[in-house]
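Here is what each chain is made of, one letter per residue.
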Number of protein chains: 2
Amino acid sequence: MKKTYFDHNATTAIDNEVFDAMMPYFKEKFGNPSSPHSLGTVARQAVNRAREQVASSVGAQPSQVIFTSGGSEANNLFIQGTAGYLKPSRIIVSAIEHPCIMRPTQELTRGTVNKWSLRKLAVNKSGQIDLDDADRAISEQRPSLISVMLANNETGVIQDVATIAEKARNTGAWIHTDAIQAFGKIPLDFISLKVHAMTLSSHKIYGPKGAAALVIDKKLLLKPLIFGGGHENGFRSGTENIPAIVGFGLACQLAQNRITEMTVHISTIREYLEERLLNMGAIIFGLSASRLPNTCYFALPDIEGETLVICLDKAGFAVASGAACSSVTPGQSYVLEAMGVEPLLARCAVRVSLGSGNTITEIKDFLIALNSVVKMLRSINTLVAPN
Amino acid sequence: MKKTYFDHNATTAIDNEVFDAMMPYFKEKFGNPSSPHSLGTVARQAVNRAREQVASSVGAQPSQVIFTSGGSEANNLFIQGTAGYLKPSRIIVSAIEHPCIMRPTQELTRGTVNKWSLRKLAVNKSGQIDLDDADRAISEQRPSLISVMLANNETGVIQDVATIAEKARNTGAWIHTDAIQAFGKIPLDFISLKVHAMTLSSHKIYGPKGAAALVIDKKLLLKPLIFGGGHENGFRSGTENIPAIVGFGLACQLAQNRITEMTVHISTIREYLEERLLNMGAIIFGLSASRLPNTCYFALPDIEGETLVICLDKAGFAVASGAACSSVTPGQSYVLEAMGVEPLLARCAVRVSLGSGNTITEIKDFLIALNSVVKMLRSINTLVAPN
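The rules behind the values
- Residues numbered from 1 in each chain as written.
- Chains lettered and ligands numbered in written order.
- Predicted model: local features only at pLDDT ≥ 70, side-chain atom pairs only at ≥ 80, totals over all residues.
- Heavy atoms only, no water.
- Phe/Tyr/Trp six-rings, centres within 6.5 Å; stacked < 30°, edge-to-face > 60°.
- Helix = DSSP H or I, 4+ residues; strand = E, 2+ residues; numbered from the N terminus.
- Buried < 20%, exposed > 50% of the residue type's maximum accessible area, 1.4 Å probe, protein only.
- Lys NZ or Arg CZ within 6 Å of the ring centre and 35° of its normal.
- Least-squares fit on C-alpha atoms with pLDDT ≥ 70 in both.
- Contact = heavy atoms within 4.5 Å.
- Domains from an automatic or database assignment.
- Buried area = accessible area lost by both parts, 1.4 Å probe.
- Pairing = 2+ DSSP bridges.
- Axes fitted to C-alpha atoms, helices over the stretch in contact; angles between N-to-C directions.
- Parallel < 35°, antiparallel > 145°, perpendicular 65-115°, else oblique.
- Left-handed = near helix turned anticlockwise from the far one by under 90°.
- Salt bridge = Lys/Arg side-chain N within 4 Å of Asp/Glu carboxyl O.
- Polar contact = N/O pair within 3.5 Å; in protein donor to acceptor, adjacent residues only side chain to side chain.
- Nonpolar A, V, L, I, M, F, W, Y, C, P; charged D, E, K, R; others polar.

**Remarks on the packing of aromatic side chains**
Here is step 1: The full count for this structure, using the stated rule, is 15 aromatic pairs over all chains.
Here is step 2: Ring geometry for F317 of chain A versus F366 of chain A: centroids 5.5 Å apart, planes at 70°, classification edge-to-face. A residue pair is termed long-range when its members are at least 10 positions apart, and F317 of chain A in strand β11 (residues 317–318) and F366 of chain A in helix α13 (residues 360–380) qualify at 49 residues.
Here is step 3: Accessibility expressed as a relative area gives 6% for F317 of chain A, which makes it buried.
Here is step 4: A residue is classified by how much of its surface remains accessible, and F366 of chain A, at 0% relative accessible area, is buried.
Here is step 5: Counting every residue linked through ring pairs, the aromatic cluster contains F19 and F26 of chain A together with F19 and F26 of chain B.
Here is step 6: Positioned over the ring face of F19 of chain B is K27 of chain A, at 4.2 Å from the centre of the ring.

Here is the structure:
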């Protein structure tokens with residue numbers, strides 16, 4: 001059965017052009033960039049070109065780009081890497097960070113010696129980080145580390161990172177943003193965000209899995225996670241994953257080239273979808289906030305999200321439930337909890353995340369399928385109260 | 001110009017079958033294994049199958065395999081991961097470990113609190129770890145961690161890991177082996193090696209870059225390097241690099257299937273090469289020791305290695321110099337230094353590492369080119385004494 005893919009915040013299929021660009025690096029130009037012969041040089045040049053493409057897509061310099069194997073590694077590199085050179089003090093993150101920020105942060109607060117203290121920033125009902133709370137937290141805590149995501153993976157709500165970064169800089173804190181979800185969906189400029197570090201990932205922007213970057217202000221003191229041969233200026237050892245890095249570089253360039261066109265197209269079809277969902281009685285989370293143009297996170301109050309996802313999958317549509325958005329061990333959405341959404345409603349959350357290839361026809365077909373599934377589920381009354 | 005590749009210990013071109021197996025996972029079966037829909041399930045099944053292939057190729061169970069992005073990460077995961085749950089005490093590694101073991105180990109010995117002490121095991125002139133020294137070190141130091149490589153990347157010399165592991169176990173130490181270079185070149189069995197953990201890598205066995213594994217005894221206590229969504233049983237978070245993992249799995253299976261045939265072929269052509277090199281007056285490092293069948297590490301005493309590598313590259317042959325074997329910041333070979341090789345001779349080291357596709361004709365052509373380059377270099381007297 002043809003599958004319509006509406007789960008682009010989870011991962012994307014690789015772009016044809018990106019795929020073609022990667023292919024020679026598996027069998028012909030397969031050298032190790034550290035090798036002193038010409039096959040090594042070809043690989044080294046490919047990494048350099050990709051580094052320029054990544055940097056240029058966010059207004060940074062190539063020397064600011066540290067390639068990693070993925071977004072989780074890059075986020076851990078920031079949290080653990082900066083903490084490695086700081087006296088343990090206070091770290092501030094928003095309550096809706098992805099587990100790959102939240103968990104390494106919580107890890108800093110453990111242990112018998114060298115404990116950090118963690119302060120989470122509250123979010124409002126629309127899923128926006130509460131700027132007053134950020135103000136309070138920064139002036140009271142005088143943190144040495146702060147990390148706030150640019151757009152949330154579940155709701156798509158865009159955060160005012162630059163404002164928080166400005167406050168952070170006044171206290172001398174290092175400030176980082178996880179821009180994985182925002183990248184490729186809204187224009188991104190490293191300097192305007194005023195952060196010291198930013199995480200980007202390839203497989204969310206039609207690039208391959210296995211490549212990502214931490215873009216850094218070169219003042220940042222960063223201890224590597226992976227020690228060894230001294231690759232990536234000593235910040236990340238290990239033979240470079242050349243095909244993935246080549247693909248990531250091109251994916252960045254294409255994302256930048258297409259962003260205006262993409263935004264217009266995606267916004268239009270999402271608007272069509274959301275109008276109809278509201279008419280069906282859906283709650284759309286973060287509706288009043290500035291959101292990524294591709295993300296629609298909704299709940300039909302009497303339909304359990306996980307059940308709906310399974311039924312829609314059978315009907316040919318790949319969407320995500322709130323519980324499955326960011327972890328291999330699904331539970332209730334901590335994002336919706338932080339937004340103060342009632343647990344019973346949170347259980348109904350479903351995320352549609354559109355991609356540049358989706359069409360209005362697919363949306364129309366989806367709505368037909370959704371209506372039919374909902375009618376069926378209502379007839380058997382799936383939602384049971386939690387224990 | 002056609003390039004003959006003799007640098008398989010640095011990296012390998014991907015096998016055709018492996019390449020074909022990976023292809024569907026870029027554009028069609030591109031799902032995120034954590035996704036609850038059928039595209040996610042397809043990806044999850046692919047990871048499971050690869051895990052079985054990796055495990056089976058070394059006589060382990062699938063649940064013992066932790067996928068990482070590369071060998072450097074896997075080695076760091078063992079060193080930092082076990083240290084994360086131990087009271088700082090003593091760690092023993094051989095003097096010829098790869099930087100991705102040596103550097104994280106040295107890192108444990110730094111800092112103001114929680115310092116580890118490091119004891120390096122001596123190697124003899126043939127490049128073998130001195131078993132008497134290992135005995136002494138283990139009984140005197142009572143270490144809690146030990147790591148010794150199974151085969152050295154420069155010399156190809158195979159180490160008696162099982163004997164050291166047995167001694168290690170008597171003291172209650174966790175023992176690890178970096179089997180990256182040995183894997184696919186000699187038969188490998190996790191249980192016979194008696195270690196608690198073993199590192200394998202994909203891109204040295206005709207698999208793709210971007211995948212590797214730490215195979216563990218499940219008693220091992222291991223703190224993750226990368227925290228997040230809880231992938232890999234919580235040991236390594238981050239969206240799985242599906243195409244790379246699929247390729248790695250198949251590469252393991254093929255390596256196992258082909259090992260006998262490969263060993264016979266490669267040993268034969270290496271013998272041919274080494275006979276002629278000895279006739280030319282070359283010193284072959286580790287000649288009297290048990291070595292990987294593919295590796296020939298030699299020096300022509302009056303010809304500088306780096307110069308020879310560059311000239312051979314121009315003549316169409318990709319080989320490595322001793323200085324460039326394991327680091328992006330080449331210096332003198334620490335392996336040859338540990339073997340007591342004179343610095344002037346060490347500067348002449350060149351490594352030929354053969355692959356399953358190399359032929360006797362290529363060796364003959366190489367010898368012709370080598371003779372011609374050497375004649376030319378001798379006529380201009382390249383070797384200058386170090387400052």
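Structure shown, so let's carry the discussion forward.
**What to know about the relation of the copies chain A and chain B**
Here is step 1: Expressed as a screw transformation, the operator carrying chain A onto chain B has a rotation angle of 180° and an axial translation of 0.0 Å, and the superposed copies differ by an RMSD of 0.0 Å. Read as a symmetry element, the transformation amounts to a two-fold axis.
Here is step 2: Comparing interface residues between copies, 100% of those in chain A also sit at the interface in chain B, which points to an isologous, same-surface contact.

**Some points on the domain arrangement of chain A**
Residue and element names in this part refer to chain A.
Here is step 1: When the domains of chain A are assigned, the result is domain 1 (4–12 + 259–380) and domain 2 (16–254).
Here is step 2: Taken over C-alpha atoms, the centre of domain 1 sits 27 Å from the centre of domain 2.
Here is step 3: Facing 30 residues of domain 1, the contacting portion of domain 2 comprises 31 residues.
Here is step 4: Roughly 2600 Å² of surface becomes buried between domain 1 and domain 2 when both sides are summed, with 53% attributable to carbon and sulfur atoms.
Here is step 5: It is T12, L292 and M339 that lose the most area in domain 1 upon contact with domain 2, and together they represent 23% of the buried surface on that side.

**Considerations on unusual backbone geometry**
The general pattern is negative phi for most residues beyond glycine and trans for most peptide bonds.
Here is step 1: The backbone phi angle of E232 of chain A is positive, close to 50°, even though this residue is not glycine.
Here is step 2: Mapped onto the elements, E232 of chain A comes out in the loop between β8 (212–216) and α9 (242–279).
Here is step 3: Given the relative accessible area of 9%, E232 of chain A is considered buried.
Here is step 4: Its identity as a non-glycine residue notwithstanding, R142 of chain B has a phi of 45°, on the positive side.

**Considerations on the pairing of strand β3 (residues 90–94) of chain A**
All names here are of chain A.
Here is step 1: With four of five residues buried, β3 lies mostly within the body of the structure.
Here is step 2: Bridging between β3 and strand β4 (residues 117–121) involves five bridges; their strand directions are parallel. Within β4, the residue paired with I91 across the bridge is L118.
Here is step 3: In terms of strand pairing, β3 meets strand β5 (residues 145–147) through three bridges, oriented parallel. When the sheet's bridge partners are listed, I92 is paired in β5 with I146.

**Some points on the environment of M149 of chain A**
Residue and element names in this part refer to chain A.
Here is step 1: For M149, the location among the structural elements is in the loop between β5 and α7 (161–170).
Here is step 2: Since its relative accessible area comes to 2%, M149 is described here as buried.
Here is step 3: Leaving out residues up to four positions away in the same chain, M149 has contacts with I96, E97, H98, Q159, V161, T177 and D178.

**Some words on the packing of helix α4 (residues 71–83) of chain A against helix α5 (residues 99–108) of chain A**
Residues and elements named next belong to chain A.
Here is step 1: At their nearest, the axes of α4 and α5 sit 9 Å apart, and the two run at 25° to each other. Here α4 lies roughly parallel to α5, going by the angle between them. α4 and α5 meet at a crossing whose hand is right-handed. In this structure, α4 contributes G71, S72, N75, N76, I79, Q80 and A83 to the contact, and α5 contributes C100, I101, P104, T105 and L108.

**Looking at the pattern of salt bridges**
Here is step 1: As enumerated under the stated definition, the model contains 42 salt bridges over all chains in all.
Here is step 2: A salt bridge links K167 of chain A to D135 of chain A; the nearest nitrogen and oxygen atoms lie 3.5 Å apart. With a gap of 32 residues between them, K167 of chain A in helix α7 and D135 of chain A in helix α6 (residues 131–141) connect regions that are remote in the sequence.
Here is step 3: In this structure, R351 of chain B engages D7 of chain B in a salt bridge whose closest nitrogen and oxygen atoms are separated by 3.1 Å. Taken together, the residues span a long stretch of sequence, with R351 of chain B in strand β13 (residues 349–353) and D7 of chain B in the loop between β1 (4–5) and α1 (16–22) at a distance of 344 residues. Assigned by exposure class, R351 of chain B and D7 of chain B land together as buried.
Here is step 4: When salt bridges with common partners are traced through the structure, they connect D15, E17 and R258 of chain A into a single cluster.

**Section: the sheet that holds β3 of chain A**
All names here are of chain A.
Here is step 1: Taken together, the seven strands give an open sheet; going across it, the order is β2-β8-β7-β6-β5-β3-β4, and neighbouring strands pair in mixed fashion. The two strands at the open ends of the sheet, each matched to only one other strand, are β2 (65–68) and β4. Put simply, the sheet's adjacent strands are angled 20° from each other on average, direction ignored.
Here is step 2: Judged from the three bridges that link them, β5 and strand β6 (residues 174–178) form a sheet pairing that is parallel. Counterpart to L145 in the pairing with β6 is W174.

**Considerations on the interface of chain A and chain B**
Here is step 1: Listed as interface residues are 65 residues of chain A and, on the opposing side, 65 residues of chain B.
Here is step 2: Across the chain A/chain B interface, buried area totals approximately 5000 Å², and carbon plus sulfur atoms make up 63% of it.
Here is step 3: Counting the contacts that link chain A with chain B gives two salt bridges.
Here is step 4: We note a salt bridge from E107 of chain B to K223 of chain A, for which the minimum N-O separation is 3.5 Å.
Here is step 5: At the junction of chain A and chain B, the tally comes to 26 residue pairs in polar contact (both at pLDDT 80 or more).
Here is step 6: Breaking the side of chain A that touches chain B down by element, the ones donating at least two residues are α1 (16–22), α2 (24–27), α3 (38–57), α4, α5, α10 (305–314) and β12 (320–321) of chain A.
Here is step 7: The element that contributes the greatest number of residues to the side of chain A that touches chain B is α5 of chain A, accounting for five residues.
Here is step 8: Class assignment of the residues belonging to the side of chain A that touches chain B gives a composition of 25 nonpolar, 28 polar and 12 charged.

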